[in-house]
Amino acid sequence: MWGMIATWRMAHDGVLAAKAILEQQGSCQDAVETAIKAVEDYPFYKSVGYGGLPNEEGVLEMDAAFMDGDTFKIGAVAGIVDVENPISVARSLSEEKFNSFRIGQGAVAYALAEGFQPKEMLTPRAKTIWEKRKAEIAANNLDPYDGHDTVGVVALDEHQSMAAGTSSSGLFMKKSGRVGDSPLSGSGFYVDSEIGGAAATGLGEDLMKGCLSYEIVRLMGEGLAPQEACDQAVYDFEARLKKRYGKAGAFSLIALDKQGRWGVATNVEFTFSVATTNQEPAIFMATPGPEQTTVIEPITKEWLEAYEKRIKAPV
Ligand code: GLY
């Protein structure tokens, strides 16, 4: 049995590339890195890697993490700048006994010393979006923060190993040095090959209040199916956050268990990609349903066409 689930429509091409690895008895670790690199490399995805949107100073600071569900090894980077594939740096760091989570200049220094490629990651298109947004904010006194779509991936391979990874440029217009949930174990991701894994996308400041990825894995460990675990963790926490903190930002969680079963829960409209031994690769739309459930439907052709147009529209 093999399987992969990943956040957002943007992950689908990466899931297809990873499927080829998993079908040929390849490792879930390679599958996770391959899927996330595909998203990081694509210039029209404006919340991850190359083409990602910068912080308020115009600097593209990226966060990423990698976890091996067999050994619990974790590597992560935060605020890494102008390095080609943050996920590969995070995976490499997961092999380090000490210093496995590096930030800012330390992360860049590690990456370059290990032979990872320096690359100017801020595209002219992303810079134009940033300039226009700066002007709009100044003119209309807007809330500057918008957009925080992380690619999060969980994979299971034929050897019963599991891995998870995340990559994100974080909140658009964030303050310099702001870090979201994506590189934080338990919040942005968690995986245990003897149970399953989960990953998150959404407002990092709120996701880290609930450690939702760990909570979903914990619930699966108690015997809940991935969908039940996602529904329980996400909607219970959203209700508690609204009651105690007054509001809840957008968040969406995905999960896959060691049997290849999957689930998602979300408090917004959320697309995801999934492929398993039993599930042809497909993109689905999830929305919050009644009584702490999630409505999951195949994505429509119209939605996909509109999406392609939207992400490539002139800026
Ligand atoms: N979930 C990505 C972030 O908040 O940075």
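Calculation criteria
Residues numbered from 1 in each chain as written. Predicted model: local features only at pLDDT ≥ 70, side-chain atom pairs only at ≥ 80, totals over all residues. Heavy atoms only, no water. Pairing = 2+ DSSP bridges. Helix = DSSP H or I, 4+ residues; strand = E, 2+ residues; numbered from the N terminus. Axes fitted to C-alpha atoms, helices over the stretch in contact; angles between N-to-C directions. Contact = heavy atoms within 4.5 Å. Near = heavy atom within 4 Å. Polar contact = N/O pair within 3.5 Å; in protein donor to acceptor, adjacent residues only side chain to side chain. Areas by Shrake-Rupley, 256 points an atom, 1.4 Å probe, with all protein chains shown as cover. Nonpolar A, V, L, I, M, F, W, Y, C, P; charged D, E, K, R; others polar. Buried < 20%, exposed > 50% of the residue type's maximum accessible area, 1.4 Å probe, protein only. UniProt positions renumbered as here; feature names shortened; annotations may be inferred. Expected span 1.5 Å × (residues − 1).

Looking at an unreviewed UniProt entry, one finds the protein chain named N4-(Beta-N-acetylglucosaminyl)-L-asparaginase and attributed to Enterococcus casseliflavus EC20.

A.B. asks: Would you take a moment to explain the sheet that holds strand 13 (residues 294-298) for this structure?
C.D. replies: Hydrogen bonds between backbone atoms are what pair the strands of a sheet, whose relative direction is either parallel or antiparallel. Spatial ordering of the open sheet is given by 4-3-2-6-5-1-11-12-13, a layout of 9 strands whose pairing is mixed. Of all strands in the sheet, those bounded by a partner on one side alone are strand 4 (101-103) and strand 13. Averaged over all adjacent pairs, the angle separating strand axes in this sheet is 15°, with direction ignored. Here 6 bridges tie strand 2 (residues 62-68) to strand 6 (residues 162-168), and the two strands are oriented antiparallel to one another. By the bridge assignment for strand 6, Ala 65 is matched with Thr 166. Contacts from helix 2 (residues 28-41) reach strand 1 (3-7), strand 2, strand 5 (151-156) and strand 6 within the one sheet, and its direction differs from that of strand 6 by about 15°.

A.B. asks: Mind showing me how you'd approach the site of the ligand here?
C.D. replies: In the vicinity of the ligand lie 12 residues, with Thr 150, Arg 178, Asp 181, Gly 202 and Gly 204 positioned nearest. Between the ligand and Thr 150 there is a distance of 3.1 Å, counted from a nitrogen atom to a side-chain nitrogen or oxygen. A distance of 2.6 Å separates a nitrogen atom of the ligand from a polar atom in the side chain of Asp 181. Look at the ligand: alone it shows 200 Å² of surface, and the protein chains cover 100% of it. A class-by-class count of the residues in the shell around the ligand yields 2 nonpolar, 8 polar and 2 charged.

A.B. asks: Any chance you could explain the sheet that holds strand 7 (residues 189-192) here in plain terms?
C.D. replies: The 4 strands are arranged 7-8-9-10 in an open sheet whose pairing can be described as antiparallel. Strand pairing shows two members of the sheet lacking a second neighbour, strand 7 and strand 10 (262-266), which therefore form its edges. Averaged over all pairs of adjacent strands, the angle between strand axes in this sheet comes to 10°, irrespective of strand direction. Looking at chain direction, strand 9 (residues 251-257) and strand 10 are connected through 5 bridges and run antiparallel. Within strand 10, the residue paired with Leu 256 across the bridge is Trp 262. Where helix 7 (residues 212-221) meets the sheet, its contacts fall on strand 7, strand 8 (196-202) and strand 9, and the angle it forms with strand 8 comes to roughly 150°.

A.B. asks: When you look at the side chain of Arg 9 in this model, what are you seeing that I'm missing?
C.D. replies: Position of Arg 9 relative to the elements: it lies in the loop between strand 1 and helix 1 (12-23). We classify Arg 9 as buried; its relative accessible area is 9%. Discounting chain neighbours no more than four positions away, the residues touching Arg 9 are Tyr 45, Thr 271, Ile 283, Trp 303, Leu 304, Tyr 307 and Glu 308.

A.B. asks: Got a minute to help me understand the UniProt feature "active site" (unreviewed entry) in the protein chain in this structure?
C.D. replies: In this numbering, the UniProt entry assigns the feature "active site" (unreviewed entry) to Thr 150. Assignment of secondary structure puts Thr 150 in the loop between helix 5 (124-140) and strand 5. On the accessibility criterion, Thr 150 (1% relative accessible area) is buried. Residues contacting Thr 150, with those up to four places away along its chain left out, are Thr 7, Trp 8, Met 10, Thr 166, Ser 167, Ser 168, Ser 182, Ala 200 and Thr 201.

A.B. asks: Sorry, what's going on with the environment of Asp 236 here?
C.D. replies: Mapped onto the fold, Asp 236 is located in helix 8 (residues 226-245). When the C-alpha positions of Asp 236 and Ala 107 are compared, they lie 36 Å apart, and in sequence the two are 129 residues distant.

A.B. asks: I keep staring at helix 1 and nothing clicks. Help me out?
C.D. replies: It helps to recall that an α-helix has 3.6 residues per turn; residues three or four apart then point in one direction. With 12 residues, helix 1 should cover 16 Å at 1.5 Å per step; its first-to-last C-alpha distance of 16 Å lies within 8% of that length. Packing partners of the buried residues in helix 1 comprise strand 1, helix 2, strand 5, strand 11 (270-276) and strand 12 (279-288). Of the residues flanking the end of helix 1, it is Gln 25, one or two places downstream, whose phi is positive at about 65°.

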